[in-house]
Amino acid sequence: MEWRFDGSAPIYTQIVDAVKLAIASGELAPGERLPGVREMALEAGVNPNTMQRALAELERQGLVFAQRTSGRFVTESDRTVARARREMAEETVQKFMEAMTRLGIDKEGIIKLLVAEKEEKNGDSGK
Amino acid sequence: MAILESKGLSKSFGSKKALDGVDLKVEPGRIVGLLGPNGSGKTTLIKLANGLLVPSAGQILVNGLAPGVETKKIVSFLPERSCVPDWMSAGQLAGFYADFYGDFDRQAAENMMARLEIDTKAKIRHLSKGTREKLQLIMVMSRRAKLYLLDEPIGGVDPAARDYILDTIISNYNPTASVVISTHLISDVEKVLDDVIFINNGHIVLSAPADELREQQGKSVDQIFREVFKC
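Overview of the overall build of chain A
For step 1, the next point in the chain: For chain A, the helix and strand inventory stands at five helices and two strands.
For step 2, the next point in the chain: Order of helices (α) and strands (β) in chain A, N terminus to C terminus: α-α-α-β-β-α-α.
For step 3, the next point in the chain: Projecting the C-alpha coordinates of chain A onto the three principal axes gives extents of approximately 55 × 30 × 25 Å.
For step 4, the next point in the chain: Across the 127 residues that make up chain A, the buried fraction comes to 34%.
For step 5, the next point in the chain: Restricting to contacts in chain A with at least 6 residues of sequence separation, those with at least 24 account for 49%.
For step 6, the next point in the chain: Total accessible area on chain A stands at roughly 8,300 Å², and carbon and sulfur atoms take up 52% of it.
For step 7, the next point in the chain: Where the 19 positive side-chain charges of chain A centre and where its 21 negative ones centre are 4 Å apart.

Here it is as structure tokens:
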């Protein structure tokens with residue numbers, strides 16, 4: 001997983017988002033065991049308390065679960081993974097729409113751009 | 001109980017007030033950034049906590065006690081300037097620390113030196129500046145102390161050595177101990193901090209959990225620092 005943090009939000013929420021993305025994208029497989037808090041903290045270069053807080057939040061959201069003796073695991077529920085994916089997709093679309101609105105492009109214009117983009121892609125692959 | 005606490009702490013050098021009525025509390029298990037520009041009072045505060053200076057007024061308590069023999073047993077201090085005897089070898093230095101401090105984990109120190117491939121037989125004065133700084137940090141972090149006071153640990157080293165130093169602090173993290181890091185290089189340390197204390201002209205101007213500040217202001221601690229201390 002790649003860890004990069006910006007100043008816009010608390011670090012723990014940025015960790016939550018990064019792990020959520022890894023789960024939604026399948027980079028972290030359902031049921032996969034996560035490294036220990038200290039190891040993850042070291043990898044991300046953050047304070048163990050911050051990592052602990054992020055993992056507690058991921059647990060609260062049902063994306064990871066803890067087993068008393070053996071550590072933390074990625075959820076095995078396909079529905080939870082699908083929901084995470086959908087939530088992240090919706091957030092991305094929302095940000096995209098905000099940026100487009102700021103550029104003064106309406107829905108129709110956006111659809112035109114998306115179609116043009118798709119055709120360009122298809123054209124590329126046809127070469 | 002707070003590991004480090006001060007009440008109305010003041011220190012004057014002649015007519016200059018280096019610290020003026022400082023109240024602070026550092027709880028166990030926290031990594032705290034003591035952040036301020038040069039001359040703001042960071043080093044004075046750390047020296048008071050160490051018993052290297054005596055308050056002009058107010059008090060400072062380490063684990064409930066005034067600085068002295070008992071508190072020195074539980075405080076591990078990294079001074080701003082290197083103070084290791086440079087005629088020793090790194091191996092001898094580890095032995096020296098082991099003799100001096102009952103809480104020194106020699107095995108941990110040796111493991112860290114081995115990982116950095118420090119030649120334990122070479123005299124410290126023959127090591128590079130970066131290696132000397134890392135070596136001193138290894139000694140300080142190999143103590144199983146309750147309070148680590150690190151005065152400008154990343155001041156004079158390159159970014160790779162900075163990462164090493166911060167990783168060493170994180171990997172030696174212990175939930176019953178606290179770490180106070182004084183620095184003006186905020187962007188480098190902000191990821192590892194639980195709490196930040198901004199100090200300026202001997203006063204505490206802001207004290208809060210780092211993530212709380214980021215959440216409230218939508219900015220990094222570094223950006224907030226630049227605004228608070230704008231020249």
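Once the structure has been displayed, the description carries forward.
A closer look at the domain arrangement of chain A
For step 1, the next point in the chain: Along its sequence, chain A is organised into domain 1 (11–78) and domain 2 (92–126).
For step 2, the next point in the chain: Of note, the centres of domain 1 of chain A and domain 2 of chain A, computed from C-alpha atoms alone, are 33 Å apart.

Considerations on the pairing of strand 2 (residues 16–26) of chain B
Residues and elements named next belong to chain B.
For step 1, the next point in the chain: In the sheet, strand 1 (residues 4–13) pairs with strand 2 via seven bridges, with the strands oriented antiparallel. Bridge assignment links L9 to a residue of strand 2, and that residue is V22.
For step 2, the next point in the chain: Here strand 1 folds back onto strand 2 in antiparallel fashion, the turn holding two residues, of which G14 has a positive phi close to 65 degrees.

So, the sheet that holds strand 2 of chain B
All names here are of chain B.
For step 1, the next point in the chain: Pairing in this open sheet of three strands is antiparallel, and the strands run 2-1-4 from one edge to the other. Strands with a single pairing partner mark the edges of an open sheet, and in this sheet they are strand 2 and strand 4 (57–62). With direction set aside, neighbouring strand axes in the sheet form an average angle of 25 degrees.
For step 2, the next point in the chain: As defined by bridge partners, strand 1 adjoins strand 4 across five bridges and the pair is classed as antiparallel.

Thoughts on helix 1 (residues 11–25) of chain A
For step 1, the next point in the chain: Given a rise of 1.5 Å per residue, 15 residues ought to cover 21 Å, and the 21 Å separating the end C-alpha atoms of helix 1 of chain A matches this to within 8%.
For step 2, the next point in the chain: Within helix 1 of chain A, eleven of the 15 residues are buried, which leaves the element mostly enclosed by the surrounding structure.
For step 3, the next point in the chain: Along helix 1 of chain A, the positions that sit buried rather than exposed are I11(A), Y12(A), Q14(A), I15(A), V16(A), A18(A), V19(A), K20(A), A22(A), I23(A) and A24(A).
For step 4, the next point in the chain: Turning to helix 1 of chain A, the residues buried within the fold contact helix 3 (48–60), strand 1 (64–67), strand 2 (71–74) and helix 4 (78–102) of chain A together with helix 8 (210–217) of chain B.
For step 5, the next point in the chain: Trailing helix 1 of chain A by a residue or two, G26(A) shows a phi angle of about 90 degrees, which is positive.

Some thoughts on the side chain of N50(B)
Residues and elements named next belong to chain B.
For step 1, the next point in the chain: Secondary-structure assignment places N50 in helix 1 (residues 42–50).
For step 2, the next point in the chain: Since its relative accessible area comes to 7%, N50 is described here as buried.
For step 3, the next point in the chain: With residues up to four places along the chain from it excluded, the contact list for N50 reads P67, K72, V75, F77 and L149.

A closer look at the environment of L55(A)
Residue and element names in this part refer to chain A.
For step 1, the next point in the chain: Here L55 lies in helix 3.
For step 2, the next point in the chain: For L55, a relative accessible area of 1% puts it in the buried group.
For step 3, the next point in the chain: When the C-alpha atoms of L55 and T13 are compared, they prove to be 10 Å apart, with 42 residues separating the residues in sequence.
For step 4, the next point in the chain: Ignoring anything within four residues of it in the chain, the contact list for L55 reads L34, V37, M40, V64 and R72.

Structural notes on the sheet that holds strand 8 (residues 195–200) of chain B
All names here are of chain B.
For step 1, the next point in the chain: Pairing is mixed in the open sheet, where six strands are placed in the order 5-6-7-3-8-9. Looking at which strands have only one partner, the edges of the open sheet turn out to be strand 5 (75–78) and strand 9 (203–209). Sheet twist, expressed as the mean angle between neighbouring strand axes with direction ignored, is 15 degrees.
For step 2, the next point in the chain: Relative to strand 8, strand 3 (residues 31–35) is paired through four bridges, and the arrangement is parallel. For G33, the partnering residue across the bridge sits in strand 8 and is V196.
For step 3, the next point in the chain: Contacts between helix 9 (residues 221–228) and the sheet are confined to strand 3, strand 8 and strand 9, with strand 8 contributing the most and set at about 15 degrees to the helix.

A few points about unusual backbone geometry
Residue and element names in this part refer to chain B.
For step 1, the next point in the chain: Even without being a glycine, E117 presents a positive backbone phi close to 55 degrees.
For step 2, the next point in the chain: Locating E117 in the fold gives a position in the loop between helix 4 (106–115) and helix 5 (129–141).
For step 3, the next point in the chain: A positive phi angle, near 50 degrees, is found at E152, a position not held by glycine.
For step 4, the next point in the chain: Mapping E152 onto the fold places it in the loop between strand 6 (147–151) and helix 6 (159–171).

Comments concerning the packing of aromatic side chains
Residues and elements named next belong to chain B.
For step 1, the next point in the chain: Considering all chains together, one arrives at nine aromatic pairs over all chains under this definition.
For step 2, the next point in the chain: Here Y97 and Y101 contribute two aromatic rings whose centre-to-centre distance is 5.6 Å and whose plane-to-plane angle is 40 degrees, an arrangement assigned as tilted.
For step 3, the next point in the chain: Between F225 and F229 the ring centres are 4.4 Å apart and the planes differ by 45 degrees, which places this aromatic pair in the tilted class.
For step 4, the next point in the chain: The class of F229 is buried, set by a relative accessible area of 12%.
For step 5, the next point in the chain: The ring of Y164 has K134 lying over it, and the distance from NZ or CZ to the ring centre is 5.8 Å.

The rules behind the values
- Residues numbered from 1 in each chain as written.
- Chains lettered and ligands numbered in written order.
- Predicted model: local features only at pLDDT ≥ 70, side-chain atom pairs only at ≥ 80, totals over all residues.
- Heavy atoms only, no water.
- Helix = DSSP H or I, 4+ residues; strand = E, 2+ residues; numbered from the N terminus.
- Buried < 20%, exposed > 50% of the residue type's maximum accessible area, 1.4 Å probe, protein only.
- Contact = heavy atoms within 4.5 Å.
- Areas by Shrake-Rupley, 256 points an atom, 1.4 Å probe, with all protein chains shown as cover.
- Lys, Arg positive; Asp, Glu negative; His and termini not counted.
- Charge placed at Lys NZ, Arg CZ, Asp CG, Glu CD.
- Domains from an automatic or database assignment.
- Pairing = 2+ DSSP bridges.
- Axes fitted to C-alpha atoms, helices over the stretch in contact; angles between N-to-C directions.
- Expected span 1.5 Å × (residues − 1).
- Phe/Tyr/Trp six-rings, centres within 6.5 Å; stacked < 30°, edge-to-face > 60°.
- Lys NZ or Arg CZ within 6 Å of the ring centre and 35° of its normal.

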